[in-house]
Amino acid sequence: MIPFLAPFPAARPRRLRAGAALRNLVREHELSVNDLIWPIFVRDGEGIEEPVPSMPGVDRLSVDNVVKAAIEAHALGIPAICLFPYTDPALKTEDCAEAWNPENLCNRAIRAIKAAVPDLAVMTDVALDPYNINGHDGFVIDGEIHNDETVEALVKMTLAQAEAGADIIGPSDMMDGRIGAMRGALESGGYQNVTILSYSAKYASGFYGPFRDAVGASGALKGDKKTYQMDPGNADEALRMIARDLAEGADMVMIKPGMAYLDICHRVKAGFGVPTFAYQVSGEYAMIQAAALNGWIDGEKVMLESLMAFRRAGCDGVLTYFAPQVARILNR
Ligand code: PBG
C-alpha cells in the first residue's frame, strides 16, 4: 500500500488530530484487556506475598494468593495468566525430576486455579531452569546442554501440566524438536485441545535479569544461554524458528524480549498471519518501573505506550507484568 497525501493545504494532517473525538475515530490500533497475559510467580507456603526487589510491584505469591490473583484477573477480564515457580533450592537437582512431579508447586497451583476459576486460561512454562541445580533450561552433561535428553524431560513436564489442567503450554527452553515431541505426546495422551504457545524466537538477552532473581535462578546459573537462545544480531533466523515451530504444531508463537525486538514481531505477523505474542520481559518492566519511581517518566503513560507498540507491530497479545494495572485503567 502506498500512503496517499494530497499537497498542502488540501491535506492538513493536523485536522484529524485537532480533537479527541476525531483522534479516537481514526485510531488504527487499540489495546484491550483481551490482549493481556499476566505472568505470576508462585512460591511455597501460605498467605505469602513476597516482593521481588528488582521488579517493584511484583510479588512471589503462595498458592492461596495465586488463586486470589486468578480470581482478580478473571474479574478484570484478563483472559490468561502464566505461572512461573520459585522452587525451593533443596528441590533443584541435576536430573530436574521435580519438573515433572505431578504434585510440584506449579501443578498444584494449576489445579487450585482451575477449581476456583475454570474459565481463566492457565499458561505454563516448560523449561528445566527452575528445577535445575545449574540454572540451565536443559540437562548439562560434561558442561554441554544436551538437546534430545532435555526434550524427553520437557515432554514429561508437558504431560504433567496438561494433566493438572493447563490450557496453554509455553515452552521457553529453545531446544530443537521440542514442539513436535510435545504436540505428539499431547495428541496421544488425550489432550488434543491443549494449546502450545511456543517461545519460538527467544533471544539470549540481558533483559531477563530480574526474572532470574524472581525464580531464584540468578545465583544458580553457570555460564550463559547462548548455545540455545538466539543471537540478538539475527532476524531471518527468527522467521525460520517460527516456521519450524508452526510446522511442528505450535498454535501460537512468541517473540521475546518484546520492545527491543519489535521488528521481529512485525515481520512474523506480516509473514505468517498466525496468533503472535510478545513477552514484555522482566527487564523491560523493571526499567519502566525504576524510571517511574524516580519521577523521571510518567509510569502510566509509558506503560500504556509500550504496550500499544506491540499492538502496532502486529502482536495479538502481550505477556506483561503490568497486566492487572493496565486492565484496571482500560476498564475505567
Ligand atoms: C526460562 C525463562 C526466562 C524467562 C521466561 N522463562 C529466563 C531465561 O531464559 O533465562 C524470562 C522472562 C522475563 O524476563 O520476564 N525458561
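The preceding data block contains the structure.
In this text, all values refer to a predicted model and were calculated from it rather than measured experimentally.

### Thoughts on the pattern of salt bridges
For the coordinates displayed, the defined rule picks out 18 salt bridges. Arg311 is paired through a salt bridge with Asp35; the nearest N and O atoms lie 3.1 Å apart. Of the two residues, Arg311 sits in helix 10 (residues 299–313) while Asp35 sits in the loop between helix 1 (20–26) and strand 1 (36–43), which places them 276 residues apart along the sequence. The exposure class of Arg311 is partly exposed, given its relative accessible area of 21%. For Glu163, the salt bridge is made with Arg111, and the minimal N-O distance between the two is 3.0 Å.

### A word on the site of the ligand
Taken together, 18 residues sit near the ligand, with Lys202, Arg212, Lys256, Ser282 and Tyr321 positioned nearest. Between the ligand and Asp137 there is a distance of 3.1 Å, counted from a nitrogen atom to a side-chain nitrogen or oxygen. Take Tyr321: an N or O atom from its side chain is 2.6 Å from an oxygen atom of the ligand. Within the complex, the protein chains bury 100% of what would otherwise be the 410 Å² of accessible surface of the ligand. In the shell around the ligand, the residues fall into 8 nonpolar, 3 polar and 7 charged.

### Focus: the pairing of strand 10 (residues 252–256)
Extensive coverage of strand 10 is indicated by the burial of 5 of its 5 residues. Neither face of strand 10 is exposed, since Met252, Met254 and Lys256 on one face and Val253 and Ile255 on the opposite face are all buried. With 3 bridges connecting them, strand 10 and strand 11 (residues 276–280) associate as parallel partners. Paired with Val253 across the strands is Thr276, a residue of strand 11. Each parallel crossover has a hand, and for strand 10 linked through helix 8 (residues 262–272) to strand 11 it is right-handed.

### Considerations on the packing of helix 8 against helix 10
Following both chains from N to C, one finds helix 8 and helix 10 inclined at 35°, their axes separated by 8 Å at the closest point. Side by side, helix 8 and helix 10 meet where Leu262, Cys265, His266 and Lys269 of the first sit next to Ala309, Phe310 and Ala313 of the second. Split by residue class, the contact of helix 8 with helix 10 holds 5 nonpolar, 1 polar and 1 charged.

### What about the nonpolar core?
The biggest cluster of nonpolar side chains holds 103 residues, and the ones touching the most others in it are Phe41, Ile81, Leu83, Ile113, Met123 and Tyr279. Non-local contacts of Leu83, meaning those with residues more than four positions away in its chain, are made with Ile40, Val42, Val66, Cys106, Ala109, Ile110, Ile113, Val122, Met123, Thr124 and Asp125.

### Quick word on the packing of aromatic side chains
A complete count under the given rule lists 10 aromatic pairs for this structure. Both rings, one in Tyr285 and one in Phe322, keep their centres 4.6 Å apart while their planes meet at 45°; by these two values the pair is tilted. Here Tyr285, found in helix 9 (residues 282–293), pairs with Phe322, found in the loop between strand 12 (317–320) and helix 11 (323–331); they are 37 residues apart in sequence, far enough to count as distant. Pair check on accessibility: Tyr285 and Phe322 agree, each one buried. An aromatic cluster is present here, built from Phe41, Phe84, Tyr199, Phe211, Tyr279, Tyr285, Tyr321 and Phe322 joined pairwise through their rings. Directly above the aromatic system of Tyr208 lies the positively charged group of Lys202, at a separation of 5.4 Å from the ring centroid.

### Quick notes on the environment of Phe84
In this fold, Phe84 is placed in strand 4 (residues 80–85). For Phe84, a relative accessible area of 2% corresponds to the buried category. For the pair formed by Phe84 and Phe211, sequence separation is 127 residues and the distance between their alpha carbons is 9.5 Å. In contact with Phe84, other than residues within four places in its own chain, are Pro39, Ile40, Phe41, Val42, Asp125, Tyr199, Phe211, Val215 and Tyr279.

### Describing unusual backbone geometry
In this model, Phe8 is joined to Pro9 through a cis peptide bond whose omega is 10°. Relative to the elements of secondary structure, Pro9 occurs in the segment before helix 1. Residue Pro257 is bonded to the preceding Lys256 through a cis peptide linkage, with omega at -5°. Checked against the element boundaries, Pro257 lands in the loop between strand 10 and helix 8. The phi dihedral of Asp142 falls on the positive side, at around 50°, and the residue is not glycine. Along the chain, Asp142 turns up in the loop between strand 6 (139–141) and strand 7 (144–146). Unusually for a residue other than glycine, Met174 sits at a positive phi of about 65°.

### Focus on the side chain of Lys92
Topologically, Lys92 is positioned in the loop between strand 4 and helix 3 (105–116). In this structure, Lys92 is buried with no salt-bridge partner, the nearest side chain bearing the opposite charge being Asp129 at 8.2 Å. At 3.0 Å, the side chain of Lys92 and the backbone oxygen of Gly216 are in polar contact. For Lys92, the contacting residues outside a window of four places in its chain are Thr87, Pro130, Tyr131, Asn132, Ile133, Val215, Gly216 and Ala217.

Quick notes on the rules
- Residues numbered from 1 in each chain as written.
- Predicted model: local features only at pLDDT ≥ 70, side-chain atom pairs only at ≥ 80, totals over all residues.
- Heavy atoms only, no water.
- Salt bridge = Lys/Arg side-chain N within 4 Å of Asp/Glu carboxyl O.
- Helix = DSSP H or I, 4+ residues; strand = E, 2+ residues; numbered from the N terminus.
- Buried < 20%, exposed > 50% of the residue type's maximum accessible area, 1.4 Å probe, protein only.
- Near = heavy atom within 4 Å.
- Polar contact = N/O pair within 3.5 Å; in protein donor to acceptor, adjacent residues only side chain to side chain.
- Areas by Shrake-Rupley, 256 points an atom, 1.4 Å probe, with all protein chains shown as cover.
- Nonpolar A, V, L, I, M, F, W, Y, C, P; charged D, E, K, R; others polar.
- Pairing = 2+ DSSP bridges.
- Right-handed = clockwise from strand over helix to strand, strands pointing away.
- Axes fitted to C-alpha atoms, helices over the stretch in contact; angles between N-to-C directions.
- Contact = heavy atoms within 4.5 Å.
- Core = buried A, V, L, I, M, F, W, Y, C linked by side-chain atoms within 4.5 Å.
- Phe/Tyr/Trp six-rings, centres within 6.5 Å; stacked < 30°, edge-to-face > 60°.
- Lys NZ or Arg CZ within 6 Å of the ring centre and 35° of its normal.
- Lys, Arg positive; Asp, Glu negative; His and termini not counted.

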